[in-house]
Amino acid sequence: MVDMFCLLIPPAGGDELQGMKKGIAELADLVIITKSDGDLKPAARRIQAEYMSALKLIRKRSKVWNPLVLRISALNKDGIPELWDKMKTFQKLKLESNELQMRRDGQLKVWMWRHIQDNITQMFKEHAGVKSQIASLEDQVTRGIITPGFAADTLLKAFSKST
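Residues numbered from 1 in each chain as written. Predicted model: local features only at pLDDT ≥ 70, side-chain atom pairs only at ≥ 80, totals over all residues. Heavy atoms only, no water.

Asker: How would you explain the pairing of strand S2 (residues 30–33) if you had to name every residue and give the values?
Answerer: Neither face of S2 is left uncovered, since the one carrying Leu-30 and Ile-32 and the one carrying Val-31 and Ile-33 both have all their residues buried. Where strand S1 (residues 6–9) and S2 come together, 4 bridges link them in parallel fashion. Bridged to Cys-6 within S2 is Leu-30. Sheet topology places S2 next to strand S3 (residues 68–71); 4 bridges connect them, and they run parallel. (Buried < 20%, exposed > 50% of the residue type's maximum accessible area, 1.4 Å probe, protein only. Helix = DSSP H or I, 4+ residues; strand = E, 2+ residues; numbered from the N terminus. Pairing = 2+ DSSP bridges.)

Spelled out as structure tokens, the structure:
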């Protein structure tokens, strides 16, 4: 979990909107088109335009920030100072609006519940009444003999009988 999610896209990488299809771009606060130099510069411009258009269709996640699509070149150092400025602006706006703290608070809650879930799952799998049945039930599920729900209910009953 991060304060700012940056998606780096190389130009001429095939299906330029692949990130949009996979849903990853929806999470991005900044989409950064890399290698925007030399022969790849026209492709980088085209990809930038495509992502800018596509991001307009995504539901707004912040009251103070709209995702941006920037082009950079590490080779020529083009766009890097502008990128850093946008990152600092993002941080300033998120801090002033309290969105950053709310995001961090949410992340802490997620971490807490994942920790609980991981520990409970581990305790469940190590429980004698459950452990002895897992392999057989998993095999029956994968062979289509029983449903995943039936297997889960069987393991839950075994767990609850002796706790």
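Further notes follow.
Asker: Run through the layout of surface pockets, naming residues and quoting values.
Answerer: Approximately 350 Å³ is the volume found for the largest pocket. Every residue lining the largest pocket is counted, 20 residues in all, and those nearest its centre are Leu-55, Trp-65, Asn-66, Pro-67 and Leu-68. The volume enclosed by the second largest pocket comes to roughly 230 Å³. Phe-124, Lys-125, Ile-134, Leu-137, Glu-138, Val-141, Thr-142, Pro-148, Ala-151, Ala-152, Leu-155 and Leu-156 are the residues that line the second largest pocket. At the level of elements, helix H4 (99–126), helix H5 (128–142) and helix H6 (148–161) are the ones that each hand at least two residues to the lining of the second largest pocket. (1 Å grid on protein atoms, 1.4 Å probe; cavity = no way out; pocket = protein on both sides within 12 Å on 5 of 7 lines; lining within 4 Å. Points joined across faces, edges and corners; volume = space filled by probe spheres on them.)

Asker: Give me helix H3 (residues 80–97): which residues, what numbers.
Answerer: Think of an α-helix as turning once every 3.6 residues; residues three or four places apart then point the same way. With 18 residues, H3 should reach 26 Å at 1.5 Å per residue; the first-to-last C-alpha distance of 26 Å fits that figure. What H3 keeps buried is the set Leu-83, Phe-90 and Lys-94. On an axial view of H3, the arc spanned by its buried residues comes to 20°, and they lie on one face. Turned more than 90 degrees from where H3 packs its buried face, Trp-84 and Glu-96 sit exposed. Residues of H3 that are buried make contact with S2, S3 and H4. A positive phi of about 70° marks Asn-98, the residue just after H3. (Expected span 1.5 Å × (residues − 1). Arc of directions from axis to C-beta. Contact = heavy atoms within 4.5 Å.)

Asker: Please set out the environment of Pro-11 residue by residue, giving values where relevant.
Answerer: Structurally, the position occupied by Pro-11 is in the loop between S1 and helix H1 (18–22). The exposure class of Pro-11 is buried, given its relative accessible area of 7%. Measuring from C-alpha to C-alpha, the distance between Pro-11 and Gln-48 comes to 9.1 Å, with 37 residues separating the pair along the chain. Filtering out sequence-adjacent residues up to four positions away, Pro-11 remains in contact with Thr-34, Lys-35, Leu-40, Ala-43, Ala-44 and Ile-47.

Asker: Can you explain the environment of Asn-119? Please cite residues and give values.
Answerer: With respect to the secondary-structure elements, Asn-119 resides in helix H4. The exposure class assigned to Asn-119 is partly exposed, which follows from its relative accessible area of 36%.

Asker: Go over the nonpolar core with me, naming the residues and quoting the values.
Answerer: Leu-7, Ile-9, Ala-25, Ala-28, Val-31, Ile-33, Ala-44, Ile-47, Tyr-51, Leu-55 and Val-69 together form the largest nonpolar core, which totals 11 residues. Elements represented by at least two residues in this core include exactly S1, S2 and helix H2 (41–55). Looking at this core, the element that brings in the most residues is H2, giving 4 residues. Not counting residues up to four positions away in its chain, the partners in contact with Val-31 are Leu-7, Ile-9, Tyr-51, Leu-55, Leu-68, Val-69 and Leu-70. One finds Leu-30, Ile-32, Trp-65 and Phe-90 within the second-largest nonpolar core, a separate group that totals 8 residues. (Core = buried A, V, L, I, M, F, W, Y, C linked by side-chain atoms within 4.5 Å.)

Asker: Describe H4, and please don't skip the residues or the numbers.
Answerer: The terminal C-alpha atoms of H4 lie 40 Å apart, and with 28 residues this matches the ideal 40 Å at 1.5 Å per residue to within 8%. Of the residues making up H4, those classed as buried are Glu-99, Leu-100, Gln-107 and Phe-124.

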